[in-house]
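One letter stands for each residue in the lines below.
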Amino acid sequence: MTWPVADLDAIRRLRALAAAVPGAFVAETVINAPFDQVWAVAADLEGELPAYLPDVRSFTVTSRDGELLVARARGYAGLRARFDIVLRPGWCVMRSRFLLGGMAAVPDGQQTRFAFLGGTLIPAQRAAAPALAVVGRWAGPKVLTRFADRVDQRGPGRQPD
Amino acid sequence: MTDTERLAGLVHAAQRGDGLAMAELLDALAPAVGRWCGPIALQDADDAAQEAMIAILRGLRGLRDPAALFGWARAIAVREAVRVARRTEREQTDELAHLPAPGDPLLAADIKDVLTRLTPEHRAVLMLRDLEGLDERTAAALLRVPAGTVKSRLARARASFRKEWQA
C-alpha cells in the first residue's frame, strides 16, 4: 500500500523560504536548455555569479566541505562580505550577515525551470518589506535574463566543477 | 552532535532570522511534510506542501521547545492540507452515498482512488491514525475537534476504506 506523497521540489522550497523572509523575492523562468546545462552555470559561482549579478565584482570560494561552501564576495560599491553557502544539484542558498540569496532548478523535459531568490537580513526588514518587494519585482527578471544569456553563451560543453 | 541537538540549533538560528538555517530546516522537514500533505490534499498536495512549509517557517518563532519540532510542524501541515483541499473541493455531505457499487470498474485497488472519495477531514483522520499512529485524543487535538468527532470520522473513514478495498 503506497500512500500519496506531495512533492516539494526545489523551486517550491525556494518559494517557501522567500515567503518566510520579509522583503525577499523569488523570480522564476523557464530556460530553453536541459538541467545539466543550466546548473553548470548556477554551480560555477566563482566564474558566473559576477556575470549575472551586476553589483558583484568577484566571488571567491575560500573553503569547500561537501555541499557546504564559504566564499568571499567583493562588489563595485565597496561591498565585502563572507557568504556561507549550501550548494548541490538544483539547489543553492547563500547567506551573508545582511544578504540572503538562492537558486533552484527543476528539469522540465528538455527545458529547465529556474528560480532566483534575493533578500536582505537587515534588522528593519519587516518595515522595509514592501519596498524590498518592489525592488525584487524590478531586479528579479533582469537577473534571470542575464542568467539565461549566460546559459546560452556557455552552451552545453562545460559541466559543473 | 546528535540529530536532535543539530535540529535544536537550527531552530534557534532560524528563529533569529538565519536564512541558511531556515533552508536546512526546510530540507529536514520536506519529506515529512510531503508525507503528511499527500494523502489529505491529493491533487493539490504539492500546493498544500508549499503552503504548509511557509506556515511552518513563518510560525517558527512561536515554537518554544525545539524537540517538539516535528509534532508541531505536523499539526500545521495537516491543518494547511485540509484548508487547501477544502478550497478546491466541495464538501461531500455523505461520501458513502457517492461510492460506486461493488464491481464498478472505478473501484481500482488504488489507495489514492479510495482517498478521493473521502472528505479532506476524513483523510486527515485516516492518515493520522493509520500512517502516523496517533491515538484519537491526539488526533482530535491536532484537528481542533472534539475526540468524539474524530472517533466517528475515523469509523466512517475506515468503513468506507475497508469497503473499497474489499470490493
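Rules of the game
- Residues numbered from 1 in each chain as written.
- Chains lettered and ligands numbered in written order.
- Predicted model: local features only at pLDDT ≥ 70, side-chain atom pairs only at ≥ 80, totals over all residues.
- Helix = DSSP H or I, 4+ residues; strand = E, 2+ residues; numbered from the N terminus.
- Buried ≥ 20, exposed ≤ 12 C-beta atoms within 10 Å, placed from the backbone.
- Contact = placed C-beta atoms within 7 Å.
- Nonpolar A, V, L, I, M, F, W, Y, C, P; charged D, E, K, R; others polar.
- Pairing = 2+ DSSP bridges.
- Axes fitted to C-alpha atoms, helices over the stretch in contact; angles between N-to-C directions.
- Domains from an automatic or database assignment.
- Parallel < 35°, antiparallel > 145°, perpendicular 65-115°, else oblique.
- Left-handed = near helix turned anticlockwise from the far one by under 90°.
- Expected span 1.5 Å × (residues − 1).

To continue, consider the overall build of chain A. Scanning chain A from N- to C-terminus turns up four helices and seven strands. Tracing chain A from N to C terminus, the helices and strands come up as α-β-α-α-β-β-β-β-β-β-α. Residues classed as buried in chain A amount to 41% of the 161 residues present.

We now examine the interface of chain A and chain B. Chain A puts 22 residues into the contact, and the matching count from chain B is 28 residues. Residue assignment for the side of chain A that touches chain B shows that the elements contributing at least two residues are α1 (10-20), β4 (80-88) and β5 (91-95) of chain A. Here the side of chain A that touches chain B takes seven residues from α1 of chain A, the largest share from any one element. Residue composition of the side of chain A that touches chain B, by class: 15 nonpolar, one polar and six charged.

This part is about the pairing of strand β2 (residues 56-65) of chain A. All names here are of chain A. In terms of strand pairing, β2 meets strand β3 (residues 68-75) through eight bridges, oriented antiparallel. By the bridge assignment, Phe59 is partnered in β3 with Ala73. Linking β2 to β3, which pair antiparallel, is a turn of two residues; within it Gly66 sits at a positive phi near 65°.

All names here are of chain A. Across the sheet, which stays open at both edges, the seven strands sit in the order β1-β7-β6-β5-β4-β3-β2 with antiparallel pairing between neighbours. Of all strands in the sheet, those with a lone pairing partner are β1 (25-31) and β2, marking the two edges. Neighbouring strand axes in the sheet, compared pairwise and without regard to direction, differ in orientation by 20° on average. Taken together, the ten bridges between strand β6 (residues 99-108) and strand β7 (residues 111-120) define a ladder with antiparallel strand orientation. Note on β7: the bridge partner recorded for Val106 is Arg113. Sheet strands in contact with α1 are β1, β5, β6 and β7, and its direction is about 155° off that of β6. In this fold helix α2 (residues 35-43) packs onto β1, β4, β5, β6 and β7, with an angle of close to 165° to the strand it touches most, β6.

Residues and elements named next belong to chain B. Examined at the domain level, chain B breaks down into domain 1 (1-89) and domain 2 (93-167). Facing ten residues of domain 1, the contacting portion of domain 2 comprises twelve residues. Elements with a contribution of two residues or more to the side of domain 1 that touches domain 2: α2 (19-41) and α4 (69-88). Classifying every residue of the side of domain 1 that touches domain 2 gives eight nonpolar, no polar and two charged.

This brings us to the packing of helix α6 (residues 120-131) of chain B against helix α7 (residues 136-143) of chain B. Residues and elements named next belong to chain B. One can describe the packing of α6 onto α7 by two numbers: an axis separation of 10 Å at closest approach and a directional angle of 140°. With respect to their mutual orientation, α6 and α7 come out oblique. Crossing handedness for the pair α6 and α7: right-handed. Residues Ala124, Val125, Leu128 and Arg129 of α6 lie in contact with α7, whose contacting residues are Ala139, Leu142 and Leu143. The residue makeup of the contact of α6 with α7, split by class, is six nonpolar, no polar and one charged.

With that settled, the discussion passes to α6 of chain B. Residue and element names in this part refer to chain B. For α6, built from twelve residues, the straight-helix expectation of 16 Å at 1.5 Å per residue is met to within 8% by its first-to-last C-alpha distance of 15 Å. With nine of its twelve residues buried, α6 lies for the most part within the structure. Every buried residue of α6 is accounted for by Pro120, Glu121, His122, Arg123, Ala124, Val125, Leu126, Met127 and Leu128. Gly133 sits one or two residues past α6 and shows a positive phi near 70°.

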